[in-house]
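Okay, here's what each chain looks like letter by letter:
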Amino acid sequence: MAFVTNAWQKAGGAERGLYRLLKELDRERFDPVVFTLFSARGNPTFAASARVLSIPLRSFCLTPKRDLRFPKECVRFVMELRRGRYDAVHGRGDRGIGVIAGRLVGIPVRVRSIHNTDRFGWRAGDLLQMLGLRWFATKVVAVSGAVAEVVRTSWRVPEDKIEVILNGVEDYCAPGGSSPAHSSSSTRSRPRRVVTVGRLVPVKGLDRLLEAMAILTERVDDVEMQIIGDGPLRCQLQRQVDRLGLTDAVRFVGQVEDAFPYLVDADVFVIASRSEGLGVAAIEAMAASLPVVAAAVGGLPEVVVHGETGLLINPCACGSIGGDPELDPAAVADALERLLVDGQLARSMGRAGRIRYEKTFTSNRFVRQYEALYRGDPLV
């Protein structure tokens, strides 16, 4: 079993999903090997996680260069796949290279998974990926129905080749359990706490979220927000915090190995993304019995049930740039205020989210479905 990935990206939902898949894969039936294709450039890598799991790692540098190294690395990669006599190859974030090479060496099961709603363009990487998806993959896995629709309509992949496998997350607490933080305001010994988890990049909409926080602090006393994650916008967002007068109300925690302790110590989770393939962070919050406030974009409406496990906010043209829909910060503040003030509603939604997690988003279900795909069995 060969996993071909761009493992040099900083950790996100897709990378955490790959780690869980490899960690829980039935090692009596599957013998995985991880192939990484692009150079690290000093970033934290998934490669270290593979080594922790005692999974063999094969590293290549397929970043195009104007010398002989690139064609040599391509040949070396194909020969390594041929030498391994693999029964299945699963490409993730690899521009379709894994399934194309798998077809060339005769691997019968060739899976390519898609984790975002990016549409086809005319860039060289897009053309390569479309080739892999349409002609070389035996199955294309979308992490949500929203992603599946983009794969079908924009990437022109035949519908009978597409499967939807919702990401699952590890269960860190007992079923039905809740944190002491999810208690009534009468016993509160700390500020009301909002938490968000994600890379500090434009698509996560943190600029809008900070504007919402400025509105919220005018309405609700003793409220704070923790931002879990790191990225290129950190300095810019910190300047925005200063400009909005939120220095005492917003804390940048940075990248952490495990966000769960922060989730169970919060009252509400919020995700204000402009685009989201599924929303693994929202699933992790539901596993921690947190109510979720989320943008109704991409796969998030397939995670959060409006009025039951949280509140969804529809983007609008209000304040948008170039006409693209954006979240209205006032609407985000309204939703957060509702759940922070009404503790009973928040706890009810948190319990419902936990139940939904147990039924739909467990790591075990996610891994067993992938195992069936690798065997060529129907998904259940």
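The text that follows walks through the structure, step by step, so that each part is easy to find. Note that the structure is a prediction, hence the values are computed from the model and not measured.

Another aspect to go through is helix H10 (residues 280-287). Because an α-helix completes one turn every 3.6 residues, residues spaced three or four positions apart along the sequence face the same direction. With 8 of 8 residues buried, H10 is to be regarded as a mostly interior element. By the burial criterion, the buried members of H10 are Val280, Ala281, Ala282, Ile283, Glu284, Ala285, Met286 and Ala287. Just past H10, the residue serine 289 takes up positive phi, approximately 65°.

Quick look at the side chain of glutamate 73 now. Tracing the backbone through its elements, the reader meets glutamate 73 in helix H3 (residues 69-84). Take glutamate 73: its relative accessible area is 13%, and that puts it in the buried class. Excluding residues within four positions of it along the chain, glutamate 73 makes contact with Phe60, Cys61 and Leu62.

Moving on to the packing of helix H4 (residues 97-104) against helix H5 (residues 124-136). In the contact formed by H4 and H5, the axes pass within 8 Å of each other and the chain directions differ by 50°. Between H4 and H5, the angle falls in the class oblique. The two elements H4 and H5 meet at a crossing, and its hand is left-handed. Within the contact between the two elements, H4 uses Ile97, Val99, Ile100 and Arg103 and H5 uses Leu128, Leu131, Gly132, Trp135 and Phe136. Taken together, the residues of the contact of H4 with H5 break down into 7 nonpolar, 1 polar and 1 charged.

Phi angles above zero are rare outside glycine, and arginine 95 is one such case at about 65°. Here arginine 95 shows up in the loop between strand S4 (88-92) and H4. For arginine 95, a relative accessible area of 40% gives the class partly exposed.

Okay, a nonpolar patch on the surface next. A cluster of nonpolar side chains, Leu128, Leu131 and Trp135, forms an exposed patch at the surface whose accessible area comes to about 300 Å². Relative to the helices and strands, leucine 131 resides in helix H5. Given a relative accessible area of 37%, leucine 131 falls into the partly exposed group.

At a minimum axis distance of 9 Å, the contact between H3 and H4 shows a crossing angle of 60°. With respect to H4, the element H3 is oriented oblique. Here the hand of the crossing between H3 and H4 comes out right-handed. Only Ile97, Gly98, Ala101, Gly102 and Leu104 of H4 make contact with H3, whose side of the interface consists of Phe77, Val78, Leu81 and Arg82. When its residues are assigned to classes, the contact of H3 with H4 shows 6 nonpolar, 2 polar and 1 charged.

The parallel open sheet is built from 6 strands, whose spatial order is S10-S9-S8-S11-S12-S13. Each edge of the open sheet carries a strand with a single partner, namely strand S10 (250-254) and strand S13 (310-313). In this sheet, adjacent strand axes meet at a mean angle of 20° when their direction is disregarded. Across 4 bridges, the pairing between strand S9 (residues 223-228) and S10 is parallel. When the bridges of S10 are listed, methionine 225 appears paired with valine 250. Lying over the sheet, helix H12 (residues 329-341) contacts strand S8 (192-197), S9, strand S11 (268-271), strand S12 (292-295) and S13, oriented at roughly 170° with respect to S13.

A few words now on the packing of aromatic side chains. Evaluated as defined, the whole model comprises 10 aromatic pairs. A ring pair is formed by phenylalanine 120 and tryptophan 122, whose centres lie 5.0 Å apart and whose planes are at 75°; its orientation type is edge-to-face. Note on tryptophan 122: relative accessible area 72%, which makes it exposed. When the centroid spacing of 5.9 Å and the interplanar angle of 35° are considered together, the rings of tyrosine 370 and tyrosine 374 count as tilted. Residue tyrosine 370 and its partner tyrosine 374 are both found in helix H14 (residues 363-375); the two are separated by 4 residues, about one turn of the helix. An aromatic cluster is present here, built from Phe3, Phe30, Phe366, Tyr370 and Tyr374 joined pairwise through their rings.

So, on to empty space enclosed by the protein. One pass over the structure, following the stated rule, counts 1 cavity of 30 Å³ or more. Along its surface, the largest cavity is lined by 13 residues, and Thr196, Val197, Gly198, Lys204 and Leu206 are the ones closest to its centre.

What follows covers the side chain of arginine 110. Relative to the elements of secondary structure, arginine 110 occurs in strand S5 (residues 109-114). For arginine 110, which is buried and forms no salt bridge, the nearest opposite charge comes from aspartate 94, at a distance of 11 Å. In terms of polar contacts, arginine 110 uses its side chain to reach the backbone carbonyl oxygen of isoleucine 107, at 2.7 Å. With sequence-adjacent residues up to four places away left out, arginine 110 is seen in contact with Val89, Val99, Gly102, Arg103, Phe136, Ala137, Thr138 and Lys139.

What counts, and where the lines are drawn
- Residues numbered from 1 in each chain as written.
- Predicted model: local features only at pLDDT ≥ 70, side-chain atom pairs only at ≥ 80, totals over all residues.
- Heavy atoms only, no water.
- Buried < 20%, exposed > 50% of the residue type's maximum accessible area, 1.4 Å probe, protein only.
- Helix = DSSP H or I, 4+ residues; strand = E, 2+ residues; numbered from the N terminus.
- Contact = heavy atoms within 4.5 Å.
- Axes fitted to C-alpha atoms, helices over the stretch in contact; angles between N-to-C directions.
- Parallel < 35°, antiparallel > 145°, perpendicular 65-115°, else oblique.
- Left-handed = near helix turned anticlockwise from the far one by under 90°.
- Nonpolar A, V, L, I, M, F, W, Y, C, P; charged D, E, K, R; others polar.
- Patch = residues over 30% accessible without salt bridge, like charges linked within 9 Å, V, L, I, M, F, W, Y side chains within 5 Å.
- Areas by Shrake-Rupley, 256 points an atom, 1.4 Å probe, with all protein chains shown as cover.
- Salt bridge = Lys/Arg side-chain N within 4 Å of Asp/Glu carboxyl O.
- Pairing = 2+ DSSP bridges.
- Phe/Tyr/Trp six-rings, centres within 6.5 Å; stacked < 30°, edge-to-face > 60°.
- 1 Å grid on protein atoms, 1.4 Å probe; cavity = no way out; pocket = protein on both sides within 12 Å on 5 of 7 lines; lining within 4 Å.
- Points joined across faces, edges and corners; volume = space filled by probe spheres on them.
- Lys, Arg positive; Asp, Glu negative; His and termini not counted.
- Polar contact = N/O pair within 3.5 Å; in protein donor to acceptor, adjacent residues only side chain to side chain.

Remember, this is a structural readout, not a statement about activity or role.
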